[in-house]
Amino acid sequence: MIENERDLRHAQALNVARQMMTAARTAPKGKGIDVIEIALVTDDDLSRLADEMRRIAEETGMKFFLRDADNVLQAECVLLIGTREQAQGLNCGHCGFPTCTGRAAGVPCALNTVDVGIAVGSACATAADFRVDTRVMFSAGLAAQRLGMLPEGSKMVLAIPVSASSKNPFFDRKPKEKQ
């Protein structure tokens, strides 16, 4: 039997993305409390995500959403990492308020935000170990959050498109003009 890499590339990228999900899940969490949500976007849902990014570009005028939408369509899949909002009760003040109970509505617990960052770092380190290309995207994360691609109430969603091509599509990106 002869297996051609081109025939296996998509499946391999999905397998790496699943390993990235595990890395994100097992990353250290503040107070050891797991409030991370993780999902993998594939197939037709990549188009749905890119379409929402284009809608956001139209609404906001932020052209980088258009460029990033094209990148999402060049990816094999997109990993999503976000958090459920849950104050950790430390009264640490990192959110800008002296106590957790005094925190204004809509202000995230700083520990939740840090947990997302650590999970994203662990996922990207795993991608690097397997030599696939990635880029952390706020834009695709916001679109995924608006589409409800993670469980209800998930916040601070970041997206990581994954590519296993001969040229990293997330590097040397040119600003996109509105069309």
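Everything numeric here is computed off the predicted structure, so don't read it as measured data.

A. Looking closely at the nonpolar core. The biggest cluster of nonpolar side chains holds 24 residues, and the ones touching the most others in it are Leu-49, Met-53, Val-72, Val-78, Leu-80 and Ala-140. Non-local contacts of Met-53, meaning those with residues more than four positions away in its chain, are made with Phe-65, Asp-68, Ala-69, Val-72, Ser-139, Ala-140 and Ala-143. Residues Ile-38, Cys-77, Ile-81 and Ala-127 belong to the second largest nonpolar core, which totals 21 residues.

B. View of the sheet that holds strand β1 (residues 36-41). Reading across the sheet, the four strands line up as β1-β2-β4-β3 and stay open at both edges, with antiparallel pairing between neighbours. With partners counted over all chains shown, the strands left at the sheet margins are β1 and β3 (133-134), one partner each. Judged from the two bridges that link them, β3 and strand β4 (residues 154-163) form a sheet pairing that is antiparallel. What sits directly across from Thr-134, in β4, is Val-162.

C. Main features of the state of the cysteines. Within the structure shown, the criterion is met by zero disulfides. Looking at Cys-95, it has no disulfide partner, and the nearest cysteine sulfur is the one in Cys-92, 6.4 Å off. Judged by its relative accessible area of 23%, Cys-95 is partly exposed. No disulfide involves Cys-124; its sulfur sits 12 Å from the nearest other cysteine sulfur, which is in Cys-77.

Analysis parameters
- Residues numbered from 1 in each chain as written.
- Predicted model: local features only at pLDDT ≥ 70, side-chain atom pairs only at ≥ 80, totals over all residues.
- Heavy atoms only, no water.
- Core = buried A, V, L, I, M, F, W, Y, C linked by side-chain atoms within 4.5 Å.
- Buried < 20%, exposed > 50% of the residue type's maximum accessible area, 1.4 Å probe, protein only.
- Contact = heavy atoms within 4.5 Å.
- Pairing = 2+ DSSP bridges.
- Helix = DSSP H or I, 4+ residues; strand = E, 2+ residues; numbered from the N terminus.
- Disulfide = S-S within 2.5 Å.

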